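# Observations on the three-dimensional arrangement
Okay, here's what each chain looks like letter by letter:
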Amino acid sequence: AAKAPASSKSMPPPAPVPAKKPTIPTPKKASSACNSPTPGDSTPSHRPSSGHKAPPSKPHKGIVKEVASDDKMYVGDRVKLKGPPVRHGEVMYIGPAAFAGGETVVGVKLDEKRSTSDCDGMYKNERFFRCQPGHGIYQALEEVELVPPELADEDVRLLPMSEAPDADTFDLEEELNQLIGLKEVKESIRHTRNFIEVQKRRSSVTGDSSARALHFAFMQGTAGSGAGKVAQVLGGMLLKFGVLTSGHVLEVTRKDLVAGCTGGDVDAKMKKVARAAEGGVLLVQGADCLKDTEKSSDRIGEEALQSVTKLLETAAIATEWPQRLCLVLAGRRSQLSQLLETPGVGSSIFARLEFSDLTAIEVAQILRHLVKSNSFQLSHDLTDEKLESLVRRRMARAGGDGAKNVRLAKAMLEEAVSRQTDRVWAKETLSFTGLTALVEQDFVDKSKDTNEAATAALKRLDGIVGLKPVKEFVRSLYATLLMEQRRREMGLETPGGSPTLHMVFQGNPGTGKTTVARVVADLLKALGLLRTGHLVEADRAALVAGYSGQTALKTKAVVESALGGVLFIDEAYALVGDDGRDSFGREALDTLIKLVEDYRQDLVVILAGYSSEMARLIEANPGLRSRFPTVIEFDDYTSEELLEIADGMLLQDILTLSDLSASERLKELLQKTVPKPGKKSDRQAGNGRAVRNILERAKRNQALRLQQEAAAGKIHSQTDMLTLVAQDFDGCLSP
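Let us look at the structure shown here. From a predicted model like this one, the values you see are computed outputs, not experimental measurements. (Residues numbered from 1 in each chain as written. Predicted model: local features only at pLDDT ≥ 70, side-chain atom pairs only at ≥ 80, totals over all residues. Heavy atoms only, no water.)

Right, let's get into a nonpolar patch on the surface. Taken together, the side chains of Ile-654, Met-721 and Leu-722 make up a nonpolar region of the molecular surface, amounting to roughly 290 Å² of accessible area. With respect to the helices and strands, Leu-722 occurs in the loop between helix H25 (718-721) and strand E24 (723-724). For Leu-722, a relative accessible area of 33% translates into the label partly exposed. (Patch = residues over 30% accessible without salt bridge, like charges linked within 9 Å, V, L, I, M, F, W, Y side chains within 5 Å. Areas by Shrake-Rupley, 256 points an atom, 1.4 Å probe, with all protein chains shown as cover. Salt bridge = Lys/Arg side-chain N within 4 Å of Asp/Glu carboxyl O. Helix = DSSP H or I, 4+ residues; strand = E, 2+ residues; numbered from the N terminus. Buried < 20%, exposed > 50% of the residue type's maximum accessible area, 1.4 Å probe, protein only.)

Here it is as structure tokens:
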């Protein structure tokens, strides 16, 4: 921006700001027709018209504060264009324009590109500045608001800043009802409202206008739980009740505070941020991460933490409402709790708002809202139940470290839109519904689901105690099937066809046969060899009927319920007695063998039982040997492995052993449960089931002991309630 362009025709002198809006095309309409620059255009520069003052601007809901009436607008100033939509940018020209009938217009280079115009500073063959296409716009002077210096500062203007609702129209209950989940948060906000109203009543009675400054801590489990939205509701409520003057929300993170800073610079930047947040809410996201505790020395992080705590301590001094600003510290619950134990910090917090992770149903509701707000629609068959199922599947795939809460819903929508784009392009869809509808397949990444499902199944396999030979077999099976799948994808079909996947698991009870069967089912589903991968457990009672002719029907019904998955038949040897005269059991076995062959492409059957009995069953039935070629032996656990299993069960039950004597007592009991080779009576006693039985009896003994101690007047601590002592294991081993 510089001097006005020279021309043979004199341009009209700058006109004073009219009292009412001139009858010129509205800036939005004018700018939408901006033409592209013609080749060879030069860029005339223009001097700002010092004779034109920006009219006094009304504060726009806390974002742009009121500018003094004698402030003038100059080229280079930061401005906000009245919306909707609200836009921000830099003034490039102020002066008359022929396309506006000689009236004064403001040329602005926008921060974000427009979607409806390619204006680069030229409009109707008049150019007053040059910028990137789509970033230029002309507005009438009264449609532009000057951004005050504290908000125009480079350290502040790019920070996320949201508007607060109008105090006259803000309805707290309506806003809270729009929040999905967050029951504890809503209760805390209502309590804050009650406190404010009661405090004002007290002040009117006592005449004491001093009040406690209201600052908050957002205790989060994981990110994406809606802290930003809750902060906006909080800002609106505090504005409504006169605790704040504007209610806008300014968000800041460690990165915002320390970027480009050296020693001593963070405090200065924090002061700028605090000035920009005055009258509103300053939300410090990730307050628990201001200082990197994993580093031996984090001087910049320490300075950022000190700046925030200093601001909190200063702002927490008893004051009168409206207070200068409301400071909100948000972070992970455990780490933020440690920060709040710092002297002067915890006492400055009025309330701690507990953010619970959203359930699958709540994430599905948020996802549905996001779809609508982004001008998409869900197909009619995507019911609430199906959408919840998709969310649950994605949650399971993400695991503990993946996106959760609102972030999960946003991620699912972005991925679905990406897949829908490819689908629509391939089908050359042109209809409105076709271009905006999201269907179930758009929310499912089949390749990613497959890989991650297999990884998760193998991870569960590794989590099983012992069973090294079994684990090696399952991994080799997975590798073999995966390689065959890749060969098929390359067109290299195996002449012999797919291998037979029916198996025999033999070993004593409690050795993990059912658990491994579930892992196998998940792996086969991940590889696409099974449709559903579900596991159906059955035994003789489920297959054999009490009357002649009904057994075949009963067996067929069980098999058909397992189609697409795995049928796990426990104690399969019981189908045929030792003497071979059990006609009902024989009928069930014969029917099973036939159905296994009929459904070999859609069913995997696993026969399980004691080693010797299963060996005799297979030996006496040649049809089983050919159809169940894979036999896996499940060895009994050692005493060390049983102790490891016990430790895992105790952890799941949130229990611990009191001392070494309790540990030795448990180990002694477990050693006695280890089956002795060749002894039939021991086969039922050992392994995982025996461990569970011992611990269940110990828990009952503990409960009885605590009850007796409480009757004697002893007061138990939380640790007492979660601790097993040596005497709790007395009588825990069955005779």
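Next, the rest of the story.
Direction vectors running N to C along helix H18 (residues 551-561) and helix H19 (residues 583-598) enclose 40°, while the axes themselves pass 9 Å from each other. As the angle between them shows, H18 and H19 are arranged oblique. Two packed elements cross with a definite hand, and for H18 against H19 that hand is right-handed. Two secondary-structure elements touch here, H18 through Thr-551, Ala-552, Thr-555, Lys-556 and Val-559 and H19 through Phe-584, Glu-587, Ala-588, Thr-591, Leu-592 and Leu-595. (Axes fitted to C-alpha atoms, helices over the stretch in contact; angles between N-to-C directions. Parallel < 35°, antiparallel > 145°, perpendicular 65-115°, else oblique. Left-handed = near helix turned anticlockwise from the far one by under 90°. Contact = heavy atoms within 4.5 Å.)

The next point concerns the nonpolar core. As a rule of thumb, soluble globular proteins bury nonpolar side chains together. Counting residues in each nonpolar core, the largest one holds 55 residues, and the members touching the most others are Phe-216, Phe-218, Val-230, Met-237, Leu-238, Leu-353 and Phe-443. Sequence-distant contacts of Phe-443, defined by excluding residues within four places in its chain, comprise Leu-367, Leu-378, Leu-382, Leu-390, Met-412, Ala-416, Arg-419 and Leu-438. Grouped together as the second largest cluster of nonpolar side chains are 53 residues, Val-474, Ala-517, Ala-526 and Leu-527 included. (Core = buried A, V, L, I, M, F, W, Y, C linked by side-chain atoms within 4.5 Å.)

Spatially, the 5 strands line up as an open sheet ordered E19-E20-E21-E18-E22, and their pairing is parallel. Each of the sheet's edge strands pairs with one partner strand only, and the pair in question is strand E19 (535-538) and strand E22 (630-634). Strand-to-strand twist of the sheet, defined as the mean angle between neighbouring strand axes without regard to direction, takes the value 20°. Pairing of strand E20 (residues 566-569) with strand E21 (residues 604-609), which is carried by 4 bridges, proceeds in the parallel orientation. Its bridge partner lying in E21, Leu-567 is registered against Val-605. Sitting on the sheet, helix H20 (residues 611-620) touches strand E18 (503-507), E21 and E22, and the angle it makes with E18 is about 145°. (Pairing = 2+ DSSP bridges.)

The next point concerns the sheet that holds strand E14 (residues 326-332). Adjacent strands of a sheet form backbone hydrogen bonds with each other and so pair up, either parallel or antiparallel. Taken together, 6 strands build an open sheet; the order of strands is E8-E11-E12-E14-E10-E15 and the sheet is mixed. Where the open sheet ends on each side, the last strands, each with one partner, are strand E8 (161-162) and strand E15 (351-355). Across the sheet, helix H4 (residues 183-206) touches strand E10 (216-220) and E15, and the angle it forms with E15 is around 160°. Sheet strands touched by helix H9 (residues 333-340): E10, E14 and E15. Its angle to E14, the strand with the most contacts, is close to 135°.

Burial along strand E12 (residues 281-284) is two-sided: Val-281 and Leu-283 facing one way and Leu-282 and Val-284 facing the other are all buried. For E12 and E14, the ladder comprises 4 bridges, and the chain directions are parallel. Looking across to E14, one finds that Val-284 is bridged to Leu-329.

Note that Arg-518 resides in helix H16 (residues 513-526). Classification of Arg-518 as partly exposed rests on a relative accessible area of 40%. For Arg-518 and Phe-568, which are 50 residues apart along the polypeptide, the C-alpha to C-alpha distance reads 9.3 Å. Among all residues touching Arg-518, those that are not within four sequence positions of it are Arg-460, Leu-535 and Glu-537.

Another point: the state of the cysteines. In this structure the tally under the stated criterion is 0 disulfides. In this model Cys-131 remains outside any disulfide bridge; the closest cysteine sulfur is found in Cys-119, 6.3 Å from its own. (Disulfide = S-S within 2.5 Å.)

This brings us to the pairing of E18. Extensive coverage of E18 is indicated by the burial of 5 of its 5 residues. Residue alternation in E18 divides its side chains into two sets, Met-503, Phe-505 and Gly-507 and Val-504 and Gln-506, and both sets are buried. Judged from the 4 bridges that link them, E18 and E21 form a sheet pairing that is parallel. By the bridge assignment, Met-503 is partnered in E21 with Ile-606. One ladder, built from 5 bridges, connects E18 with E22; its direction is parallel. Each residue of the ladder has a partner; that of Met-503, found in E22, is Thr-630.

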